[in-house]
Amino acid sequence: MALYDWIKALHILAVISWMAGMLYLPRLFVYHTGAAPGSETSETFKVMERRLLKAIINPAMIVTWLAGLYLAYEGGWFRAGWFHGKFALVILLSAVHGVLVRRLKEFAADSNTRPARYYRILNEVPTVLMIGIVLLVVLKPF
Ligand code: HEM
């Protein structure tokens, strides 16, 4: 069981890093909408966004997935009701990740057309999913 607990610790560390990035990147987009395309500020935001994605968000997501699937396999959780719920929410979170990558590419190409309000709303989605995921895995209500 010791290895299971070590992998769970790794999973939680990776989750923290992934979520930190998933909550911060749309916030950077909110500020980025206020910077004129081509301006020095806009170029700085591009660097910050790219580094956050490549250095933190992407690797953290991969480790979260690998460690999570190991836990599900080792713990025999694939048949548990709560796990199905968690899995659905985690798929949605990964889809939001994909949306963020597309938006980042638009900003990088100076082709963003969406207002700050869009990114403020997008910012709330990972928060809501995170709350659902943590409640399901900790409380295991079904
Ligand atoms: C990416 C796919 C994921 C899979 C396959 C997965 C799977 C799992 C499994 C099987 C466990 C072990 C449960 C136990 O031993 O009781 C676990 C623990 C945990 N997961 Fe995930 N997880 C994933 C993503 C996430 C995400 C995105 C979050 C948070 C936003 C999260 C938060 C947690 C927490 C807090 C625990 C520890 C729960 C406890 O020990 O009580 N997981 N995960």
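Residues numbered from 1 in each chain as written. Predicted model: local features only at pLDDT ≥ 70, side-chain atom pairs only at ≥ 80, totals over all residues.

1. Observations regarding the UniProt feature "binding site: heme" (unreviewed entry) in the protein chain
Stage number 1. Cross-referencing UniProt, the feature "binding site: heme" (unreviewed entry) maps to His11 and Lys86 in the present numbering. These residues run over 76 residues, yet every pair of their C-alpha atoms falls within 14.4 Å of each other.
Stage number 2. Considering the arrangement of structural elements, one finds His11 in helix α1 (residues 2-32).
Stage number 3. In this structure His11 comes out as buried when scored by C-beta crowding, with 20 C-beta atoms within 10 Å.
Stage number 4. Here Lys86 lies in helix α3 (residues 81-108).
Stage number 5. Not counting chain neighbours up to four residues away, the residues in contact with Lys86 comprise Ile133, Leu136 and Val137. (UniProt positions renumbered as here; feature names shortened; annotations may be inferred. Helix = DSSP H or I, 4+ residues; strand = E, 2+ residues; numbered from the N terminus. Buried ≥ 20, exposed ≤ 12 C-beta atoms within 10 Å, placed from the backbone. Contact = placed C-beta atoms within 7 Å.)

2. Let's talk about α1
Stage number 1. Its 31 residues place the ends of α1 45 Å apart at the C-alpha level, agreeing with the 45 Å of an ideal helix rising 1.5 Å per residue.
Stage number 2. Every buried residue belonging to α1 is among His11, Ala14, Val15, Trp18, Met19, Gly21, Met22, Leu25, Pro26, Phe29 and His32, and all of these are buried.
Stage number 3. Here the buried face of α1 lies against α2 (40-75), α3 and α4 (116-139). (Expected span 1.5 Å × (residues − 1).)

3. Overview of the nonpolar core
Stage number 1. By size, the foremost hydrophobic cluster in this structure holds 15 residues, and its most contacted members are Ala14, Trp18, Met22, Leu25, Ile57 and Ala60.
Stage number 2. Elements that contribute at least two residues to this core include exactly α1, α2 and α3.
Stage number 3. Ranked by residues supplied to this core, first place goes to α1 with seven residues.
Stage number 4. Apart from the residues lying within four places of it in its own chain, the contact partners of Trp18 are Ile57, Ala60, Met61 and Thr64. (Core = buried A, V, L, I, M, F, W, Y, C linked by C-beta atoms within 7 Å.)

4. Focus: the packing of α2 against α3
Stage number 1. Where α2 contacts α3, the two axes come as close as 11 Å, and the packing angle between them is 160°. Between α2 and α3, the interaxial angle falls into the category roughly antiparallel. Judged by the sense of rotation from one axis to the other, the crossing of α2 with α3 is left-handed. Only Phe83, His97, Val101, Leu104, Phe107 and Ala108 of α3 make contact with α2, whose side of the interface consists of Lys46, Glu49, Leu53, Met61 and Ala72.
Stage number 2. A breakdown of the residues in the contact of α2 with α3 according to their chemical character gives eight nonpolar, one polar and two charged. (Axes fitted to C-alpha atoms, helices over the stretch in contact; angles between N-to-C directions. Parallel < 35°, antiparallel > 145°, perpendicular 65-115°, else oblique. Left-handed = near helix turned anticlockwise from the far one by under 90°. Nonpolar A, V, L, I, M, F, W, Y, C, P; charged D, E, K, R; others polar.)

5. A word on the site of the ligand
Stage number 1. In the vicinity of the ligand lie 20 residues, with Val15, Gly68, Leu71, Ala72 and Val90 positioned nearest.
Stage number 2. No other element matches α2, which puts seven residues into the shell around the ligand.
Stage number 3. Taken together, the residues that form the shell around the ligand break down as 15 nonpolar, four polar and one charged. (Near = placed C-beta within 6 Å.)

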